[in-house]
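Chain by chain, the residues run as shown.
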Amino acid sequence: MIGILKNVYKKYRLWLRDVFIGQGMRERLINKDFTIISCNCIGGLVYHDLKMEFLSPTINLFIPPKDFIRFIKDIEYWVQQPMIEIKDEELRKKYSYPIVELGENGVRVHLVHYNSVDEAQKKWNERVKRINWDKLFFVLDDRNGCDEKTVYEYDKLPYKNKVFFSHREYPDISCVCHIKGFEKDVHVGVMTAFVNPISCKRNYDQFDFVAWFNQVNK
């Protein structure tokens, strides 16, 4: 019975989110053909809020910060590399999902929401074809061992449309969005998580994604 009630509440909260947050986002959205290159599931959920097709391969997975920097430095090359599963016993014990590299000794990708490498590779290939290379938006946060060196390296990359979600301020970095509520922590909380047990807002709602996407048309 408890499981049933939890499932009902989950669906009800997602419905509330769609009505009170998602609908407003969709009404404000002007630019509708952009590609979100995200280090984790933020991009996929934002696409979901907007009820858009996934125009990005970085869906249902996460890429560690240092690998993410490597990935976006030469993204046109890396998206074409095949997924090679890392068959390491220690990793298998630690993670319940497959972990791959894009090519030999390439960018490491955690296939968090996939049952197999074949499934992930198929979806990746499909979505790579949809990338809008003229409208790329990059998303990184300070979780998973992201250090200051990585933050500054990210900031220096020659991409106009990039954001970095941080638990603290970086006055000298323009792409930083300080996510409030995590100042006493070493990183932000899970950005896709709801802010509390009864809210329909997620942590990433502190950032105005729609205004960000629309700016390319100005």
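Residues numbered from 1 in each chain as written. Predicted model: local features only at pLDDT ≥ 70, side-chain atom pairs only at ≥ 80, totals over all residues. Heavy atoms only, no water.

Overview of the sheet that holds strand S3 (residues 99–102)
The test is simple: For two strands to be treated as a pair, DSSP must find at least two bridges joining them. Helix numbering and strand numbering both begin at the N terminus, where a helix is a DSSP run of H or I of at least 4 residues and a strand a DSSP run of E of at least 2. Axis lines are fitted through C-alpha atoms, for helices just across the contact stretch, and the angle between N-to-C directions can take any value from 0 to 180 degrees. Here a residue-residue contact requires only that any non-hydrogen atoms of the pair lie within 4.5 Å.
Strand order in the open sheet formed by three strands is S2-S3-S4, with antiparallel pairing between adjacent strands. Since the sheet does not close on itself, it has two edges, and those belong to strand S2 (83–85) and strand S4 (107–110), each with one partner. Pairwise comparison of adjacent strand axes, ignoring direction, gives a mean angle of 35° for this sheet. Sitting on the sheet, helix H6 (residues 117–128) is in contact with S2 and S3, with an inclination near 165° to S2.

Let's talk about the packing of helix H3 (residues 65–73) against helix H7 (residues 148–156)
Counted only if it meets this: Working rule for angles: under 35 degrees goes down as roughly parallel, over 145 as roughly antiparallel, 65 to 115 as roughly perpendicular, anything else as oblique. Here is the rule for handedness: rotate from the far helix to the near one, and if that takes an anticlockwise turn smaller than a right angle the crossing is left-handed, while a clockwise turn gives right-handed. Residue polarity follows a fixed list, in which Ala, Val, Leu, Ile, Met, Phe, Trp, Tyr, Cys and Pro are nonpolar, Asp, Glu, Lys and Arg are charged, and the others, Gly among them, are polar.
At a closest axis distance of 10 Å, the pairing of H3 and H7 adopts a crossing angle of 20°. It follows that H3 is roughly parallel to H7 by the angle criterion. Every pair of crossing elements has a handedness; the one defined by H3 and H7 is left-handed. Between H3 and H7, the residues in contact are Pro65, Lys66, Phe68, Ile69, Ile72 and Lys73 and Thr150, Glu153 and Tyr154, respectively. Among the residues making up the contact of H3 with H7, the classes are represented as five nonpolar, one polar and three charged.

What to know about the pairing of strand S1 (residues 35–38)
Just so we agree on the cut-off: Only protein chains enter the area calculation, which uses a 1.4 Å probe; residues under 20% of their type maximum are buried, those over 50% are exposed, and those in between are partly exposed.
Burial along S1 is two-sided: the face carrying Thr35 and Ile37 and the face carrying Ile36 and Ser38 are both buried. Bridge count for S1 against strand S5 (residues 136–141) is four bridges, and the pairing is parallel. Looking at S5, one finds that Ile37 is bridged to Phe138.

What is shown is where atoms sit, not what they do.
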